[in-house]
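Examining the three-dimensional arrangement
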Amino acid sequence: MKFSLVALGVTAALQLVIVAVSGSVALAADTVHNFSDALTAVPLWIAFALGRRAPTRRFTHGLGRAEDLAGLFIVAMIALSAVVAAVESVRRLVDPVPLDHLGWVLAAGIVGFAGNEAVAVYRIRVGRRIGSAALVADGVHARTDGFTSLAVVAGVIGVWLGIPQADPVVGVVISAMIAVLLWGTARDVGRRLLDGVDPNLTDRAEQALRAVPGVGGVEDLRLRWNGHRLDVAAAVALDAGTTIGEFAAVQDRVGRALHGALPGVGTVTVSPVPEERADAGRDDAALGDAGRTEPAGARARTD
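What you see is a predicted model; the values in this text were computed from it and never measured. (Residues numbered from 1 in each chain as written. Predicted model: local features only at pLDDT ≥ 70, side-chain atom pairs only at ≥ 80, totals over all residues. Heavy atoms only, no water.)

1. What to know about the overall build of the protein chain
Counting its secondary structure elements, the protein chain contains 11 helices and 3 strands. Taken from N to C terminus, the helices and strands of the protein chain fall in the order α-α-α-α-α-α-α-α-β-β-α-β-α-α. When the 303 residues of the protein chain are sorted by exposure, 43% land in the buried category. Residue pairs at least 24 apart in sequence account for 71% of intrachain contacts in the protein chain once pairs closer than 6 positions are excluded. Of the accessible surface of the protein chain, which amounts to about 15,300 Å², a share of 65% is contributed by carbon and sulfur atoms. (Helix = DSSP H or I, 4+ residues; strand = E, 2+ residues; numbered from the N terminus. Buried < 20%, exposed > 50% of the residue type's maximum accessible area, 1.4 Å probe, protein only. Contact = heavy atoms within 4.5 Å. Areas by Shrake-Rupley, 256 points an atom, 1.4 Å probe, with all protein chains shown as cover.)

2. Description of the pattern of salt bridges
Inspection of every chain in the model, using the stated rule, returns 5 salt bridges. The salt bridge partner of Glu206 is Arg210, with a shortest N-O separation of 2.8 Å. Separated by 4 residues within a single helix, Glu206 and Arg210 lie in helix α8 (residues 199-210), roughly one turn from each other. With a shortest N-O distance of 3.1 Å, Arg222 and Asp220 are connected by a salt bridge. (Salt bridge = Lys/Arg side-chain N within 4 Å of Asp/Glu carboxyl O.)

3. Describing the pairing of strand β2 (residues 229-238)
Burial of β2 is extensive: 8 of the 10 residues sit out of reach of the surface. Taking the residues that link successive antiparallel strands as the turn, the strand β1 (residues 217-226)-β2 hairpin has 2 residues, and the phi of Gly227 there is positive, at about 70°. One ladder, built from 8 bridges, connects β2 with strand β3 (residues 265-274); its direction is parallel. When the sheet's bridge partners are listed, Ala233 is paired in β3 with Thr269. One crossover worth recording links β2 to the parallel β3 by way of helix α9 (residues 244-261), and it is right-handed. (Pairing = 2+ DSSP bridges. Right-handed = clockwise from strand over helix to strand, strands pointing away.)

4. A short note on the packing of α8 against α9
Remark: α8 packs on α9, axes separated minimally by 9 Å, with the N-to-C direction vectors making an angle of 145°. Where α8 crosses over α9, the handedness of that crossing is right-handed. Contact with α8, carried on its side by Arg204, Ala205, Ala208 and Leu209, involves Val254, Ala257, Leu258 and Ala261 of α9 and no other residues of that element. Split into classes, the residues belonging to the contact of α8 with α9 amount to 7 nonpolar, no polar and 1 charged. (Axes fitted to C-alpha atoms, helices over the stretch in contact; angles between N-to-C directions. Left-handed = near helix turned anticlockwise from the far one by under 90°. Nonpolar A, V, L, I, M, F, W, Y, C, P; charged D, E, K, R; others polar.)

5. Description of α9
Along its 18 residues, α9 runs 26 Å from first to last C-alpha, staying within 8% of the 26 Å computed at 1.5 Å per residue. Considered for burial, the residues of α9 that qualify are Phe247, Val250, Val254, Gly255 and Leu258. Buried residues in α9, looked at end-on, bunch into an arc of 140°, giving them a common side. Every exposed residue of α9 that faces more than 90 degrees away from the buried side is listed here: Gly245, Arg256 and Gly260. For α9, the elements touching its buried residues are α8, β2 and β3. (Expected span 1.5 Å × (residues − 1). Arc of directions from axis to C-beta.)

6. Observations regarding the confidence of the model for the protein chain
Segments scoring low in pLDDT should not have their predicted coordinates read at a detailed level. Taken over all residues, the pLDDT of the protein chain has a mean of 76, while the share at 70 or more is 82%. Element-level mean pLDDT values for the protein chain span from 38 in helix α11 (residues 296-302) up to 90 in α8. Within the model, pLDDT remains below 50 along residues 280-303, and this stretch shows 22 contacts once partners closer than five positions in the same chain are excluded. (pLDDT = per-residue confidence, 0-100.)

7. Brief notes about helix α3 (residues 41-51)
Residues of α3 that are buried: Ala41, Pro43, Leu44, Ala47 and Phe48. With its buried residues spanning 165° around the axis, α3 presents them on a single face.

8. Notes on unusual backbone geometry
For Asp195, which is not a glycine, the phi torsion comes out positive at approximately 65°. Mapping Asp195 onto the fold places it in the loop between α7 (166-193) and α8.

9. Focus: the packing of aromatic side chains
Enumeration according to the criterion identifies 1 aromatic pair in this entry. Between Phe3 and Tyr122, the aromatic rings sit 4.6 Å apart at their centres with planes inclined by 55°, giving tilted as the arrangement. Here Tyr122 lies in helix α5 (residues 102-130) and Phe3 lies in helix α1 (residues 2-22), a separation of 119 residues in the sequence. Look at Phe3 and you get partly exposed, because its relative accessible area is 40%. Tyr122 sits in the partly exposed class, given a relative accessible area of 34%. (Phe/Tyr/Trp six-rings, centres within 6.5 Å; stacked < 30°, edge-to-face > 60°.)

This is how it looks when you write it as structure tokens:
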């Protein structure tokens, strides 16, 4: 987060100086977006700090979900940057202003791309290492910003070719690109707030559980993100004669299997279910629903 804040802040500051000299509205739109992207590092930084706090009697799961609240702030910043860029671009279309120092504007677009790409690579690499979906998404966000900086370069080339409207038109295009990014980011944040996870993670977790010695089947499996930690709760089928000591050994093997199969696993909760009950639930599911009451675990698995 510190690296992202400094790198994007310096990039946007350099662009802002050239905006003041050249009057490029496309570069101004890109600069506003880069400033907003730099500011998204602040709420994520705070969220990561809160997520490291130990659980309390009030917040028994800890404060990892602060990361999702930071995601809402990111969505608001993206929306604000889209509105500002669009308004300024339309104003310049109605009231054109000649551009100066086109070479510097071109250089600023290239600097914007380089700064955003450096931050994108770093965020994505670190996000994948620590299992933070929010940080990876913010890295993709920075990469998209880099491509909007290249659009500024296209606007400069258009002006050089004798099309003065190219600069504000590119500003409008950048605003539209920000709006598209806003939709995707809002969708991802909404899914996280509703405890949505990638179905591939659920499949990987189930495969890992079924491969654990002593586990006869998986009757119920639930995953949810708590910040950048993935909490897993599973009801596994065990032999009815399993002792407490044997169950403790199964719990240990399940935990190690899930940590090896999934990124950023946090709390793992394992509940035992008699294997006979799990078999009955599977038989009921195969026969159908007509005139029969299914075990609760079987209904949950079918849903």
